[in-house]
Amino acid sequence: MRVTEGDVTVAVPEQPDAGVGDAVFFNPVQELNRDLTVAVLRALEAETDRDGDRTPRYLDANAASGVRGVRAAAEGFEATCCDVDPDAVELARENMARNDLDGRVVHRDANALMHEETFDVVDIDPFGTPIPFADAAFRGATRLVCITATDTAPLCGAHFESGVRHYSAVPRNTEYHAEMGMRVLISALVRTAARYDLAARPVFSHATKHYARTYLRLDSGARAANALVDELGHVDHCEHCLYREATPGLVADPLDWCPECDEAIQTAGPIWLGRTCDPAFAETVREAVDDGMGTAEQARELCETVAAELDEPTHYDQHRLCKRWGVGAVAMDEFIERLRAAGYSASRTHYGGTTFKTDAEVTEIRAAAVEED
Ligand SMILES: C[S@@+](CC[C@H](N)C(=O)[O-])C[C@H]1O[C@@H](n2cnc3c(N)ncnc32)[C@H](O)[C@@H]1O
Ligand SMILES: [Zn+2]
């Protein structure tokens with residue numbers, strides 16, 4: 001079957017039922033993820049003042065059909081596709097040639113390749129957790145590491161032990177699953193990079209129920225790495241009333257009981273408490289989305305929402321709050337306006353249509369924005 005994405009057309013096998021069979025993998029639902037990757041590559045190039053003629057190098061470390069590498073090559077990057085599966089390598093080679101592009105396709109273990117060569121951009125898009133590729137990615141990239149994680153259940157604490165093992169952090173299964181997962185993932189990546197005196201700062205990130213995707217800009221030096229470690233910390237969370245409190249620092253000093261309702265507190269961490277995106281970069285990414293992309297509208301909207309998200313480490317969901325309180329929900333614009341009118345900062349978030357961030361505490365949200373029956 002042929003699939004056109006952006007400026008390229010690739011052949012991909014019909015996919016068997018989820019998780020079975022050994023056909024080379026392709027997920028059409030990840031088109032948004034790939035369109036945004038192309039926009040990020042454009043945004044990166046837009047801000048680069050190249051004094052020489054060197055073409056930027058992009059590694060599609062887990063290539064499968066090679067669709068990412070082919071799209072990067074079409075953007076003028078010196079693209080390398082890498083996969084351990086010989087069928088994937090053959091298909092990626094055909095797809096490069098089908099688009100008259102001369103990107104390189106190698107049959108290697110990506111970890112070996114990333115220890116031997118360097119690339120401006122390394123893109124990790126594996127099955128499940130990206131952690132087995134993280135050390136080598138920070139070794140092999142000079143400017144940007146792009147990471148997809150599809151193991152959302154471990155990341156968000158639904159599969160607790162597996163989350164603890166893979167991410168060396170305590171994840172908690174809260175109501176803000178996707179954001180918990182994103183912050184556990186970024187925490188592990190920041191700590192992995194810091195081991196090599198590298199600062200890996202997230203400049204653009206987005207998450208759904210099915211995956212988290214983050215783009216980390218690299219800066220070398222112990223001081224820069226220390227500054228990012230300082231943005232790690234813990235979140236205390238009350239399952240009963242949804243109170244939460246974020247505390248910076250690697251050493252947890254958890255609350256014993258919820259200050260609002262006296263119920264037990266759960267603590268997650270170390271998680272990333274800093275910004276998951278740089279709003280100015282997200283705006284450049286939005287401008288780099290073009291109408292030829294299949295998900296253009298959705299991609300632009302996502303960039304806008306992400307750029308406007310309040311710098312708070314957790315979000316709420318109006319519908320869940322209202323259900324819990326036994327009150328009716330209102331339109332989101334109205335809800336956000338009520339919070340702002342009461343003197344709080346508030347924004348929507350990309351984690352869901354009824355989600356929001358605010359600097360108001362949970363009791364203050366109720367007082368400011370809810371009409372009690
Ligand atoms: C989720 S698929 C990649 C999807 C692809 N990037 C896309 O956007 O359609 C993961 C790929 O990683 C490959 N892979 C697994 N272990 C690898 C390794 N150690 N080095 C390189 N590739 C590997 C698998 O063979 C598989 O093709
Ligand atoms: Zn409570």
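The structure under discussion appears in the preceding block.
All values derive from a computational prediction rather than experimental measurement. (Residues numbered from 1 in each chain as written. Chains lettered and ligands numbered in written order. Predicted model: local features only at pLDDT ≥ 70, side-chain atom pairs only at ≥ 80, totals over all residues. Heavy atoms only, no water.)

Okay, unusual backbone geometry next. At the junction of Gly269 and Pro270, the peptide bond is cis and its omega measures out at -5° in the coordinates. Of note, Pro270 is situated in strand S12 (residues 266–272). A positive phi angle, close to 55°, is found at Asp197, a residue other than glycine. Note on placement: Asp197 falls in the loop between helix H8 (177–194) and strand S8 (198–207). (Helix = DSSP H or I, 4+ residues; strand = E, 2+ residues; numbered from the N terminus.)

Right, let's talk about the sheet that holds strand S5 (residues 104–107) for a bit. Strand pairing in a sheet relies on backbone hydrogen bonds. The paired strands run either parallel or antiparallel. Strand order across the open sheet formed by seven strands is S5-S4-S3-S6-S7-S9-S8, with mixed pairing between neighbours. Looking along the sheet, the strands with just one partner apiece sit at the ends: S5 and S8. Pairs of neighbouring strands in the sheet enclose a mean axial angle of 20°, with direction left out of account. Bridge count for strand S3 (residues 57–60) against strand S6 (residues 119–124) is three bridges, and the pairing is parallel. Its bridge partner being in S6, Asp60 is matched across the sheet by Asp123. The sheet strands contacting helix H1 (residues 31–46) are S3, S6, strand S7 (141–149), S8 and strand S9 (212–220), and the helix crosses S9 at an angle near 20°. (Pairing = 2+ DSSP bridges. Axes fitted to C-alpha atoms, helices over the stretch in contact; angles between N-to-C directions. Contact = heavy atoms within 4.5 Å.)

Taken together, 18 residues sit near ligand 1, with Asn62, Arg68, Asp83, Ala110 and Asp125 positioned nearest. Take Arg34: an N or O atom from its side chain is 3.1 Å from an oxygen atom of ligand 1. Burial of ligand 1 by the surrounding chains reaches 89%, relative to a free accessible area of 610 Å². By residue class, the composition of the shell around ligand 1 is 10 nonpolar, one polar and seven charged. (Near = heavy atom within 4 Å. Polar contact = N/O pair within 3.5 Å; in protein donor to acceptor, adjacent residues only side chain to side chain. Areas by Shrake-Rupley, 256 points an atom, 1.4 Å probe, with all protein chains shown as cover. Nonpolar A, V, L, I, M, F, W, Y, C, P; charged D, E, K, R; others polar.)

As a general feature of sheets, a regular strand has side chains that alternate between the two faces. Of the two faces of strand S1 (residues 2–5), only one is covered, namely that formed by Val3 and Glu5; the face formed by Arg2 and Thr4 stays uncovered. Sheet analysis places S1 next to strand S2 (residues 8–11), joined by four bridges and oriented antiparallel. Considered in S2, the bridge of Arg2 is made with Ala11. Hairpin connection of S1 to S2: two residues between the antiparallel strands, including Gly6 at a positive phi of 55°. (Buried < 20%, exposed > 50% of the residue type's maximum accessible area, 1.4 Å probe, protein only.)

Turning our attention to the coordination of the zinc ion (ligand 2). Those donors, Cys238 (SG), Cys241 (SG), Cys258 (SG) and Cys261 (SG), are the protein atoms that reach the zinc ion (ligand 2), and they lie 2.2 to 2.3 Å from it. Each of the four donor atoms bound to the zinc ion (ligand 2) contributes to angles spanning 100 to 118°, and the resulting shape is tetrahedral. Along the chain, the residues that donate to the zinc ion (ligand 2) are spaced as C-x2-C-x16-C-x2-C. Of this pair, Cys241 sits in the loop between strand S10 (232–237) and strand S11 (244–248) while Cys261 sits in the loop between S11 and S12, placing them 20 residues apart in sequence. (Donors = N, O, S within 2.8 Å, 3.2 Å for Na, K, Ca; no water. Tetrahedral: all angles 85-135°; square planar, octahedral: opposite > 155°, others 65-115°.)

Quick look at the packing of aromatic side chains now. Applying the stated rule across the entire model yields five aromatic pairs. Relative to Phe127, the ring of Phe25 lies with its centre 5.2 Å away and its plane at 85°, an arrangement referred to as edge-to-face. Taken together, the positions of Phe25 in the loop between S2 and H1 and Phe127 in the loop between S6 and helix H5 (131–140) put the pair 102 residues apart, joining distant regions of the chain. Residue classification places Phe127 among the exposed positions, given a relative accessible area of 68%. For the pair Phe335 and Phe356, a centre-to-centre distance of 4.8 Å together with 65° between the ring planes defines the contact as edge-to-face. (Phe/Tyr/Trp six-rings, centres within 6.5 Å; stacked < 30°, edge-to-face > 60°.)

Two measures define how a pair of helices packs: the angle their axes make with one another and the distance between the axes. Remark: H1 packs on helix H10 (residues 279–288), axes separated minimally by 8 Å, with the N-to-C direction vectors making an angle of 110°. Taken as axis vectors, H1 and H10 run roughly perpendicular relative to one another. Here the hand of the crossing between H1 and H10 comes out right-handed. Taken together, the residues of H10 that come into contact with H1 (itself represented by Leu36, Ala39, Val40, Arg42, Ala43 and Leu44) are Phe281, Thr284, Val285 and Ala288. In terms of residue class, the contact of H1 with H10 is made up of eight nonpolar, one polar and one charged. (Parallel < 35°, antiparallel > 145°, perpendicular 65-115°, else oblique. Left-handed = near helix turned anticlockwise from the far one by under 90°.)

On to the nonpolar core. Ranked by internal contacts, the top residues of the largest apolar core, which has 47 residues, are Leu59, Met114, Val122, Ile124 and Phe138. Ranked by residues supplied to this core, first place goes to H8 with nine residues. If sequence neighbours within four positions are ignored, Leu59 has contacts with Thr80, Cys82, Leu113, Met114, Phe119, Val121, Val122 and Asp123. Ranked by size, the runner-up nonpolar core spans 45 residues in total, among them Val8, Val67, Val105 and Tyr215. (Core = buried A, V, L, I, M, F, W, Y, C linked by side-chain atoms within 4.5 Å.)

Attention now moves to the sheet that holds strand S13 (residues 316–317). The strand order across the open sheet built from three strands is S13-S15-S14, with neighbouring strands paired in antiparallel fashion. In this open sheet, the two strands that pair with only one neighbour each are S13 and strand S14 (346–348). Strands S14 and strand S15 (355–358) of the sheet are contacted by helix H13 (residues 332–341), whose axis makes an angle of about 165° with S14.

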